[in-house]
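Residues per chain are reported as follows:
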Amino acid sequence: MASNPSVFLLMLNGQIETGDFPEFDDLYVKYNYTFGPDWAVTSGLEEGISQVCKRNTYGQRDFVWNFPLEVTFKSTNPYGWPQLVVSVYGLDAFGTAVVRGYGAVHIPITPGGHACIIPMFVPEASSRFQKFLGWFMGRRPEYVDTNVVARGEGREVTRVRSQGHLRVKFNIVTKDMKKLGYDCLSSGHGVPNAITAASIAANGSNQGAGAAGRTLEGASGTTEA
């Protein structure tokens, strides 16, 4: 007789596909995941950095990274559902690497294929003098801890400006969630049920410019293992 599972698994593979930053060139992406205390990474990479990419000279002139994502999480409950945190960097006129955008999105909770657009934003200086001084010295405003973009605490005191967006594709597989009493399948209208409140509200709201990504494609109908 099979024993009852004590944890469930969330398996993700996908890629950071493209970005739209019309004012810049030679950009690269850093990513990492943030999650609650009951979660742990069992395999795959928890963070990474992409290659430097030039803007496409044909068509929509997007940046095309096609940078792969692959990670597996385990947890005992959906509180603190993982989020993907991304930061885009490029060189300024002085050759200094400066941030060109921050963004975050919750990993989809329904099995199947998903495509998300992540709106990006950058912090703004508190005054024109500080803005000029930061440009002159090559020290633009940026976050010491990039995970702050995935949390709600303290965001109301940060001045930000929208700047570009990223397109990310996810393929999600879950295991043993039903056996632990969680229903992660779609309710029939593309809106996940059962664990929505526990997972999406767990890590705080992503408000302001660069809020949570918009899902463009819902679950493909794949059921969990």
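- Per an unreviewed UniProt entry, the protein chain goes by the name B9 domain-containing protein 1 and belongs to Stichopus japonicus.
- For the record of the protein chain, the UniProt heading Subcellular location (unreviewed entry) holds the text "Cytoplasm, Cytoskeleton, Cilium basal body".

**Some remarks on the overall build of the protein chain**
Right, so step 1: Across its full length, the protein chain carries 2 helices and 10 strands.
Right, so step 2: If you list the helices and strands of the protein chain from N to C, you get β-β-β-β-β-β-β-β-α-β-α-β.
Right, so step 3: Within the protein chain, the proportion of its 225 residues that are buried is 44%.
Right, so step 4: A fraction of 79% describes how many contacts in the protein chain between residues 6 or more apart in sequence connect residues 24 or more apart.
Right, so step 5: When the accessible area of the protein chain is evaluated, it comes to approximately 11,700 Å², of which 53% is carbon and sulfur surface.

**Examining the packing of aromatic side chains**
Right, so step 1: One pass over the structure, following the stated rule, counts 13 aromatic pairs.
Right, so step 2: Seen in terms of ring centroids, W39 and F73 are 6.2 Å apart; in terms of plane orientation they differ by 80°. Their pairing is edge-to-face. Taken as a pair, W39 in the loop between β2 (27-34) and β3 (40-44) and F73 in strand β5 (residues 63-75) lie far apart in primary sequence, 34 residues in all. As far as the burial class goes, W39 and F73 line up, both buried.
Right, so step 3: An aromatic cluster of at least three residues, connected via ring pairs, comprises F8, Y31, Y33, F35, W39, F67, F73, W81 and Y182.
Right, so step 4: The ring of Y89 is capped by K30, whose NZ or CZ atom sits 5.0 Å from the centre of that ring.

**Brief notes about unusual backbone geometry**
Right, so step 1: The residue D26 is not glycine, and still its phi comes out positive at about 55°.
Right, so step 2: By the secondary structure assignment, D26 is in the loop between β1 (8-20) and β2.
Right, so step 3: With a phi close to 50°, N66 is a non-glycine residue in the positive phi region.
Right, so step 4: Along the chain, N66 falls in strand β5.
Right, so step 5: What makes N66 partly exposed here is its relative accessible area of 41%.

**A few points about the pattern of salt bridges**
Right, so step 1: On inspection of all chains with the given rule, the structure shows 7 salt bridges.
Right, so step 2: Across the salt bridge formed by D176 and K175, the nearest N and O atoms sit 3.3 Å from each other.
Right, so step 3: By relative accessible area, K175 is classed as partly exposed at 33%.
Right, so step 4: Its salt-bridge partner being K179, residue D176 comes within 3.7 Å of it at the nearest N-O pair.
Right, so step 5: Three or more residues joined by partner-sharing salt bridges are found here, namely E17, R167 and K169.

Rules and cut-offs
Residues numbered from 1 in each chain as written. Predicted model: local features only at pLDDT ≥ 70, side-chain atom pairs only at ≥ 80, totals over all residues. Heavy atoms only, no water. UniProt positions renumbered as here; feature names shortened; annotations may be inferred. Helix = DSSP H or I, 4+ residues; strand = E, 2+ residues; numbered from the N terminus. Buried < 20%, exposed > 50% of the residue type's maximum accessible area, 1.4 Å probe, protein only. Contact = heavy atoms within 4.5 Å. Areas by Shrake-Rupley, 256 points an atom, 1.4 Å probe, with all protein chains shown as cover. Phe/Tyr/Trp six-rings, centres within 6.5 Å; stacked < 30°, edge-to-face > 60°. Lys NZ or Arg CZ within 6 Å of the ring centre and 35° of its normal. Salt bridge = Lys/Arg side-chain N within 4 Å of Asp/Glu carboxyl O.

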